[in-house]
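Listed below are the residues making up each chain.
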Amino acid sequence: MAKSEDCIPILQGLLVFGNVIIGMCGIALTAECIYFVSDPHGLYPLLEATENDGIYAAAWIGIFVGFALFALSILGIIGIIKSNRTLLLVYIILMLITFAFEMASCITAATHRDFLTPNLFLKQMLERYQKAEPANNNDQWMTEGVTKTWDKLMLQNHCCGVLGPSDWQEYTSAFRLTHYDADFPWPRKCCAMDAQGLPVNLDGCKLGVPGYYNSNGCYDAISGPVNTHAWGVAWFGFAILCWTFCVLLGTMFYWSGIEY
Amino acid sequence: LPYVPRVPPAALLGKVTATTFALERPCCVFDRHASAADTVWLAVAFANVSATFRNPPSRADVPPYKQLPTTHSYMTLETAAAAYTCPAPSPAVLRVGGDTACKDQGRQDPCNGPLPSPGPYRVKFLLMGCHGPKAETRWSDPILLRRALSPSTINPVPTRRGSDVVVIASLLASLGTVLATAVLGALGAKVWGSLCQRDLGTSAFARRSYWTHHIPPALPQPPPPGC
């Protein structure tokens, strides 16, 4: 029939176009996930210490899935142009496996993002910041990571604690065990610093005089990058999967129509 | 003296902590009674024993900081009366309990050490001269220090599942199921189709019987009579 003969090049063209988009999105996904895994904000030690670094696992999977999508899209384009049943069958099966992995990555990123509540970071900060006697090497590694990350966070973002400096007053902490409450109502890094890294007015900082200490909480500085990471992986992956779904259905239809 | 010491009403986050508290500086309160050699002390007592506190008759009888656990009161912050004149020199608050160095050494000097328990405490200022107390302010209202909770009371579990997770998970699961069904269906149809064709071949082969047309051997027709 003339109509189906006309339709075939159109279908081929659409599928090739679909695969080109998949290839480009695969490269973009790989690049985005490499950016997130490189941890530009230095927040990974906090997540590692909470043993809740699922969003990093999702990003790692995303790197390999993106690359696989790129390679498979090239295979798909070749298979469609040559109308080769075997190539297209291999393409479909490998794409399904990649689809499953990307599904896992998206759901992992979205689910683990929900675990990162202010209370989680608060509890971890109170229990680990400047903890004096770590139980073992792993504990010491995590304690150092948490302490360094919090110091950097509080200095760079001019913030203190998770919700505010009163976190250090409302709860006892590992920090409180080694530092007197009279001298350190909150850590020194919460004080407003001058150019040399010394508190501008130590007594003012201890009393809580506005201007001599950081009164904001650091949760915004933590949750901002973490949210970008998690939603970037989850929603972009979801968009790629929706597009891949359509292309795969079209390819299966094309494959079933190829005569031997 | 009618003055009542109090915690400064200003918004200072550290005005009451677990072991210290701040007080407003009593400016111009002792001017009429103080001479140059007088000192102003701060008497700190637990709220339930403040009624039984007796002013020490001389400087030697001043209860020191380390007696706080036993006598439930002590006096500290010995300053010259000149420090409390008008106009107010900075700072405008006094911090009770801010000196952690003297609590271990146990010196006899007035020690402004950290308070060991949350209280509540009551304070009053006492103007001491050479011959004993000359004037005193009223007792303050009870000051309760902060009590800190243990971090194990913090519950890190999120209160409710985010809606994004549900959307992503459900849509992805349905897409995956549709794809898997489509692939299985397509493969199954092809396999079924090829099986049916093979069956058709063998059965047709079996059924297609060789129909023999019984053609009797043609008897040679006598040639038609010659033309």
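None of these values were measured; they are calculated from a predicted model.

Procedures and definitions
Residues numbered from 1 in each chain as written. Chains lettered and ligands numbered in written order. Predicted model: local features only at pLDDT ≥ 70, side-chain atom pairs only at ≥ 80, totals over all residues. Heavy atoms only, no water. Helix = DSSP H or I, 4+ residues; strand = E, 2+ residues; numbered from the N terminus. Buried < 20%, exposed > 50% of the residue type's maximum accessible area, 1.4 Å probe, protein only. Contact = heavy atoms within 4.5 Å. Areas by Shrake-Rupley, 256 points an atom, 1.4 Å probe, with all protein chains shown as cover. Rg over C-alpha atoms; globule rule 2.2 N^0.38 Å. Salt bridge = Lys/Arg side-chain N within 4 Å of Asp/Glu carboxyl O. Expected span 1.5 Å × (residues − 1). UniProt positions renumbered as here; feature names shortened; annotations may be inferred. Axes fitted to C-alpha atoms, helices over the stretch in contact; angles between N-to-C directions. Parallel < 35°, antiparallel > 145°, perpendicular 65-115°, else oblique. Left-handed = near helix turned anticlockwise from the far one by under 90°. Nonpolar A, V, L, I, M, F, W, Y, C, P; charged D, E, K, R; others polar.

A look at the overall build of chain B
- In terms of regular secondary structure, chain B is built from 3 helices and 6 strands.
- Helices and strands appear in chain B in the N-to-C order β-β-α-β-β-α-β-β-α.
- The proportion of buried residues among the 227 residues of chain B is 35%.
- Within chain B, residue pairs in contact and separated by at least 24 positions form 71% of the contacts whose partners lie at least 6 positions apart.
- Just so you have it, chain B exposes about 13600 Å², and 62% of that area is on carbon and sulfur atoms.

Section: the overall build of chain A
- Secondary structure summary: chain A contains 10 helices and 0 strands in total.
- A globule of 260 residues ought to have a C-alpha radius of gyration of about 18 Å, yet chain A, at 26 Å, is considerably larger.
- If you line up chain A on its principal axes, its C-alpha atoms span 90 × 35 × 30 Å.
- By the burial criterion, 51% of the 260 residues in chain A qualify as buried.
- Sequence-distant contacts, at least 24 apart, represent 73% of the contacts inside chain A between residues at least 6 apart.
- Element-wise, carbon and sulfur atoms account for 65% of the exposed surface of chain A, whose accessible area totals about 11900 Å².

Some remarks on the pattern of salt bridges
- Tallied over the entire structure, the rule returns 7 salt bridges over all chains.
- The closest approach of N and O atoms between Asp181 of chain A and Arg176 of chain A, which form a salt bridge, is 3.9 Å.
- With relative accessibility at 17%, the residue Arg176 of chain A sits in the buried group.
- When the shortest N-O distance is used, the salt bridge between Asp38 of chain B and Lys134 of chain B registers 2.5 Å. Taken together, the residues span a long stretch of sequence, with Asp38 of chain B in the loop between strand 1 (21-24) and strand 2 (39-46) and Lys134 of chain B in strand 6 (residues 132-136) at a distance of 96 residues.
- For Lys134 of chain B, a relative accessible area of 42% translates into the label partly exposed.
- When salt bridges that share partners are traced, they join Arg128, Lys131 and Asp139 of chain A into one network.

Let's talk about helix 3 (residues 54-82) of chain A
- Helix length check: helix 3 of chain A (29 residues) gives 41 Å between terminal C-alpha atoms against 42 Å at 1.5 Å per residue, within 8%.
- Ser83 of chain A lies just past helix 3 of chain A and shows a positive phi near 55 degrees.

A few points about the UniProt feature "transmembrane region" (unreviewed entry) in chain B
- The residues that UniProt annotates with the feature "transmembrane region" (unreviewed entry) are residues 165-189 of chain B.
- For the annotated span residues 165-189 of chain B, helix accounts for 100% and strand for 0% of the residues, and the straight-line distance between the end C-alpha atoms is 35 Å.

Regarding the UniProt feature "transmembrane region" (unreviewed entry) in chain A
- Residues annotated by UniProt as "transmembrane region" (unreviewed entry) correspond here to residues 12-37, 57-81, 88-110 and 233-255 of chain A.
- Annotated as residues 12-37 of chain A, this span is 100% helix and 0% strand, and its ends, taken at the C-alpha atoms, are 37 Å apart.

Describing the packing of helix 3 of chain A against helix 4 (residues 85-115) of chain A
Residue and element names in this part refer to chain A.
- The contact between helix 3 and helix 4 brings their axes to 9 Å, and the two run at 160 degrees. Here helix 3 lies roughly antiparallel to helix 4, going by the angle between them. For the element pair helix 3 and helix 4, the recorded crossing hand is left-handed.
- Split into classes, the residues belonging to the contact of helix 3 with helix 4 amount to 18 nonpolar, 9 polar and 2 charged.

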